[in-house]
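Examination of the molecular architecture
Okay, here's what each chain looks like letter by letter:
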Amino acid sequence: MNESLKGPLSMYSLTVIVPAYNESKTIENSLEKLLALDFLSQILVVNDGSYDDTLKIITNFENLDNRVKVFSNNKNQGKGYSLNSIRQFINSDYVVIHDADLEYDPSDLKPMFQLVNGENMILGTRFRGNKIRKNIYKRTNIANKVMSKFFSIVHKTNISDIAVCYKMMPASFFKTTEFKENGFSIEIEMVAKFLKLSSQINEVPISYYGRSYSEGKKIKSIDGLFYLLNTLKYKFF
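Procedures and definitions
Residues numbered from 1 in each chain as written. Predicted model: local features only at pLDDT ≥ 70, side-chain atom pairs only at ≥ 80, totals over all residues. Heavy atoms only, no water. Helix = DSSP H or I, 4+ residues; strand = E, 2+ residues; numbered from the N terminus. Rg over C-alpha atoms; globule rule 2.2 N^0.38 Å. Buried < 20%, exposed > 50% of the residue type's maximum accessible area, 1.4 Å probe, protein only. Contact = heavy atoms within 4.5 Å. Areas by Shrake-Rupley, 256 points an atom, 1.4 Å probe, with all protein chains shown as cover. Lys, Arg positive; Asp, Glu negative; His and termini not counted. Charge placed at Lys NZ, Arg CZ, Asp CG, Glu CD. Pairing = 2+ DSSP bridges. Axes fitted to C-alpha atoms, helices over the stretch in contact; angles between N-to-C directions. Core = buried A, V, L, I, M, F, W, Y, C linked by side-chain atoms within 4.5 Å. pLDDT = per-residue confidence, 0-100. Polar contact = N/O pair within 3.5 Å; in protein donor to acceptor, adjacent residues only side chain to side chain. Right-handed = clockwise from strand over helix to strand, strands pointing away. Phe/Tyr/Trp six-rings, centres within 6.5 Å; stacked < 30°, edge-to-face > 60°. Lys NZ or Arg CZ within 6 Å of the ring centre and 35° of its normal.

Check the secondary structure of the protein and you find eight helices and nine strands. The C-alpha radius of gyration computed for the protein amounts to 17 Å, which stays within 12% of the reference 18 Å derived for 237 residues, consistent with globular compactness. In the protein, which comprises 237 residues, the share counted as buried stands at 54%. By sequence separation, contacts in the protein at least 24 residues apart represent 81% of the contacts at least 6 residues apart. Of the accessible surface of the protein, which amounts to about 11,300 Å², a share of 51% is contributed by carbon and sulfur atoms. One way to put it: in the protein the 31 positive side-chain charges average out to a point 7 Å from where the 25 negative ones average out.

Below is the structure:
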């Protein structure tokens, strides 16, 4: 997409939420990449009960840049819980989630942000376009496509990558919607509940650098089952 056709970055403000659980190997580089993006107004980092040096590292960043705010859970509560716990501190027009493990490239947030119109949700997609992608587990890649197809059929939409981390949405929606999922299934819940209010969803091709379980990857096969069950749950119940 021609960047000259995209909207200005200055029209809206953007907050990034970074949930982090034992990410001391990547969190420093992750935050450095986010801080290099001058269009971010807030970076809210949630230490989700880490027992490594994650909290120490992110606290150093909070002291260096006033855009960074650190929050901490006393014990590991899950991604959904962490996102829910800091909603009241968001003071921007839009919000997006960035996992601390650097499977995603923060530079992809720019073309996503340039598509916001004040009312739409923008999703990154690892299955469209020709961006660089590193998929370690073929079964996970196939499962993500199956889940996305299933979600699209059930919700009568066309989303190619429902499990993607990069979901950019109006802060008003994120702050006022009751989310119940404490784990990874909040990925399904956010989109399903947005679709009950609006069909304005755009997708932007993004890069992906998958890591192995030995490197700290946390999502498991059981989470895929929860994705499928919650696809039905948040459509019909």
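Still to come is the rest of the account.
This part is about the sheet that holds strand β4 (residues 94-97). An order of β3-β2-β1-β4-β7-β5-β8 is seen for the seven strands of this open sheet, with the pairing classed as mixed. The sheet is open, and its two edges are formed by β3 (68-73) and β8 (201-205), each paired on a single side. For this sheet, the mean angle separating the axes of adjacent strands, direction not counted, is 20°. Relative to β3, strand β2 (residues 40-48) runs parallel, the two sharing six bridges. Each residue of the ladder has a partner; that of valine 46, found in β3, is phenylalanine 71.

With that settled, consider the nonpolar core. Val18, Leu31, Leu34, Ile43, Leu109, Met168 and Phe174 are the most contacted members of the largest nonpolar core, which has 64 residues in total. Take this core: its biggest share by element is six residues, from helix α7 (residues 186-195). Sequence-distant contacts of leucine 31, defined by excluding residues within four places in its chain, comprise Val18, Ile43, Val45, Ile58 and Phe61.

Of all residues in the protein, 92% attain a pLDDT of 70 or more, and the chain-wide mean is 91. Below a pLDDT of 50 lies the segment residues 1-6, which in the model reaches six contacts outside its immediate sequence neighbourhood of four places, other chains included.

With respect to the helices and strands, the residue asparagine 22 is situated in the loop between β1 (14-20) and α1 (27-35). Asparagine 22 gets classed as buried once you look at its relative accessible area, which sits at 19%. A polar contact of 3.4 Å, which involves the side chain of asparagine 22, links it to the backbone nitrogen of aspartate 52.

Counting buried positions along α7 yields nine of ten residues, so the element is predominantly enclosed. Buried within α7 we find Ile186, Glu187, Ile188, Glu189, Met190, Val191, Ala192, Lys193 and Phe194.

Burial runs high along β2: eight of the nine residues are buried. Here seven bridges tie β1 to β2, and the two strands are oriented parallel to one another. Counted as the bridge partner of isoleucine 17 is leucine 44 from β2. For the segment spanning β2, helix α2 (residues 54-64) and β3, crossover handedness is right-handed.

On to the environment of isoleucine 142, then. For isoleucine 142, the position within the fold is in helix α5 (residues 138-154). On a C-alpha basis, the gap between isoleucine 142 and phenylalanine 173 in space is 31 Å, while along the polypeptide they are 31 residues apart.

It is worth spelling out the packing of aromatic side chains at this point. Evaluated as defined, the whole model comprises nine aromatic pairs. Ring centres of phenylalanine 173 and phenylalanine 179 lie 5.9 Å apart, and the angle between their planes is 80°; on these two criteria the pair is classed as edge-to-face. Overall, the relative accessible area of 6% leaves phenylalanine 173 in the buried class. Between phenylalanine 173 and phenylalanine 194, the aromatic rings sit 5.2 Å apart at their centres with planes inclined by 85°, giving edge-to-face as the arrangement. Of the two residues, phenylalanine 173 sits in helix α6 (residues 171-176) while phenylalanine 194 sits in helix α7, which places them 21 residues apart along the sequence. Here phenylalanine 173 and phenylalanine 194 have matching classes, each one buried. Following the ring pairs from residue to residue traces out a cluster consisting of Phe173, Phe174, Phe179 and Phe194. The lysine or arginine in question, arginine 126, covers the ring of tyrosine 208, its NZ or CZ lying 4.8 Å from the ring centre.

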